[in-house]
Amino acid sequence: MLTVIVTGLPGVGKTTVLDALKGVSERNGVPISIVNFGTAMSEILKRKGVALDRDDIRRQDIALQREVQEEAAREISERRGGGILIVDTHMFVKTDCGLWPGLPMNVLSKLSPSLLVLIEAPPEEIANRRRSDRSRRRDEASRALIEQELNWSRSLAAACSVMTGAPVKIVNNEPGRHLEAAEELFGIISKMVR
Ligand code: AP5
């Protein structure tokens, strides 16, 4: 069993890279499951009678988010089979109370990852992707702010690595090169299951 936590700033292309990873792994006959943490949280909220757009979860009361975050981690860990599980999530979430960790100790201990992945892209490119993605309501941000967010993600990844003993791999999702990013990620995962 191998759990890989994949994180990246909104607009970095995390979901695009993971969709490509699914294709690469199928072509190589290596089954992987991908679970989106935000989707798990939305479903839990819906069961509680709180139907929200996924971009509004982070604007909720922090106590509610914390409760649902822990439940999502528990459900994901309980659904885990014996194969490779990719958890698509965030190192931090921008809440109304400030930057809040997506992977605090209680979440990490349930997910028990073997590898932590940071998907990155050039700050200017992330800003452009946020602006041009009409399917979501993303915060626009300057290049300087995105640079700070990338640094914050790396700091949190270092903390998660110390807490879990899992290595951190940075994968670049350069413009037009999401397939290469997926192949790089697949290469690392293959090494870890060998
Ligand atoms: P989530 O659903 O993960 O939202 P997100 O941050 O917006 O990220 P996405 O997974 O949709 O993708 P992406 O922005 O990386 O990029 P995409 O592939 O779409 O999370 C939703 C919410 O759930 C969070 O806000 C939070 O509230 C909650 N949540 C989640 N985890 C949590 C946790 N652990 N704790 C607490 N709360 C949590 O791509 C963006 C655009 O770029 C697309 O238009 C795409 O076509 C383009 N693109 C991508 N790659 C390339 C490329 N290489 N070249 C050119 N264009 C590209």
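Within any chain, residue numbers begin from 1 and follow the written order of that chain's sequence. Local features in this predicted model are restricted to residues whose pLDDT is 70 or higher, and side-chain atom pairs enter the listing and the counts only when it is 80 or higher, whereas totals over whole chains, interfaces and linings include all residues. As a rule here, side-chain values cover all heavy atoms of the structure and leave hydrogens and water aside.

Concerning the site of the ligand
Residue proximity to a molecule or strand is established when one non-hydrogen atom of the residue lies within 4 Å of it. Near the ligand there are 32 residues, and of these Gly11, Thr15, Thr16, His90 and Arg138 occur at the shortest range. Polar contact criterion, stated in full: a pair of N or O atoms within 3.5 Å, where within protein one must be able to donate a hydrogen and the other to accept it, and residues adjacent in sequence count only if both atoms are side-chain atoms. A distance of 2.5 Å is found between an oxygen atom of the ligand and a backbone nitrogen or oxygen belonging to glycine 11. Contacts to the ligand include arginine 129, whose side-chain N or O atom sits 3.4 Å from a nitrogen atom. Note on areas: Shrake-Rupley with a 1.4 Å probe; residue coverage comes only from the protein chains shown. Alone, the ligand offers 1,000 Å² of accessible surface; in the complex the protein occludes 86% of this. Secondary structure elements follow DSSP: runs of H or I no shorter than four residues count as helices, runs of E no shorter than two count as strands, and numbering proceeds from the N terminus. Those elements that place two or more of their residues in the shell around the ligand are helix H1 (14-27), helix H2 (37-47) and helix H5 (123-132).

Considering the pairing of strand E3 (residues 84-89)
Of all the six residues making up E3, six are buried; the element is thus mostly covered by neighbouring parts of the structure. Both strand E1 (residues 2-8) and E3 contribute to a ladder of six bridges, which runs parallel. Across the sheet, the residue bridging to threonine 3 is leucine 85, located in E3. Buried means the residue's accessible area, taken with a 1.4 Å probe over protein chains only, is under 20% of the maximum for its type, while exposed means over 50%, and partly exposed covers the values in between. Pairing between strands is defined by DSSP: at least two bridges between the two strands are required.

Points about the pattern of salt bridges
Each salt bridge in this description consists of a side-chain nitrogen of Lys or Arg and a carboxyl oxygen of Asp or Glu lying within 4 Å of one another. Going through the model one piece at a time under the given rule, you end up with 17 salt bridges. Across the pair lysine 110 and glutamate 70 runs a salt bridge, and its minimum N-O distance is 3.0 Å. One end of the pair, lysine 110, is in helix H4 (residues 105-111); the other, glutamate 70, is in helix H3 (residues 62-79), with 40 residues separating them in the sequence. Residue lysine 110 is classed as partly exposed on the basis of its relative accessible area, which comes to 21%. Two residues, glutamate 120 and arginine 154, come together in a salt bridge whose shortest N-O distance is 2.8 Å. On the criterion of sequence distance, the pair formed by glutamate 120 in strand E6 (residues 115-120) and arginine 154 in helix H6 (residues 143-164) is long-range, its members being 34 residues apart. On the accessibility criterion, glutamate 120 (8% relative accessible area) is buried. For arginine 154, a relative accessible area of 43% corresponds to the partly exposed category. A single salt-bridge network, built from bridges that share partners, covers Asp56, Arg58, Arg59 and Asp139.

What about the nonpolar core?
We call a set of buried Ala, Val, Leu, Ile, Met, Phe, Trp, Tyr and Cys residues a nonpolar core when their side-chain atoms join them within 4.5 Å. Of all hydrophobic cores here, the largest spans 55 residues; its most connected members are Leu21, Phe37, Ile86 and Leu111. The leading source of residues in this core is helix H7 (residues 178-193), at six residues. Residues count as neighbours in contact if any of their non-hydrogen atoms are within 4.5 Å of one another. Setting aside chain neighbours within four positions, we find phenylalanine 37 in contact with Gln69, Ala72, Ala73, Ile76, Val87, Asp88, Thr89, Val107 and Leu111.

Structural notes on the sheet that holds E6
The sheet built from five strands is open, its strands ordered E2-E3-E1-E6-E7 with parallel pairing. The open sheet is flanked by strand E2 (32-36) and strand E7 (168-172), the only strands paired with a single partner. Direction aside, neighbouring strands of the sheet carry axes that sit 25° apart on average. In this structure, E2 lies alongside E3, joined through five bridges in parallel fashion. Across the sheet, the residue bridging to serine 33 is leucine 85, located in E3. Axis definition: a line fitted to C-alpha atoms, over the contacting stretch in the case of helices. Angles run 0 to 180 degrees between N-to-C directions.

Remarks on the packing of H2 against H3
Each pair of packed helices gets described by two things: the angle between the helix axes and the distance between those axes. Running from N to C, H2 and H3 cross one another at 115°; their axes reach a closest spacing of 9 Å. The orientation of H2 with respect to H3, classified from their angle, is roughly perpendicular. With respect to the hand of their crossing, H2 and H3 are arranged in right-handed fashion. Listed contacts from H3 to Phe37, Ala40, Met41, Ile44, Leu45 and Arg47 of H2 are Leu64, Gln65, Val68, Gln69, Glu71, Ala72, Ala73, Glu75, Ile76 and Arg79. Any angle between 65 and 115 degrees counts as roughly perpendicular, while under 35 counts as roughly parallel, over 145 as roughly antiparallel, and the rest as oblique. Two helices that cross are described as forming a left-handed crossing if the nearer one is turned anticlockwise from the farther one by less than a right angle, and a right-handed crossing if clockwise.

Structural notes on the environment of valine 24
Inspection of the secondary structure puts valine 24 in helix H1. Residue valine 24 is classed as buried on the basis of its relative accessible area of 4%. Placed 146 residues apart in sequence, valine 24 and isoleucine 170 show a C-alpha to C-alpha distance of 19 Å.

Observations concerning the side chain of glutamate 149
With respect to the helices, strands and loops of the structure, glutamate 149 is situated in helix H6. Assessed through its relative accessible area of 5%, glutamate 149 is described here as buried. One polar contact links glutamate 149 to arginine 130, side chain to side chain, over a distance of 3.1 Å. Setting aside chain neighbours within four positions, we find glutamate 149 in contact with Leu9, Phe92, Lys94 and Arg130.

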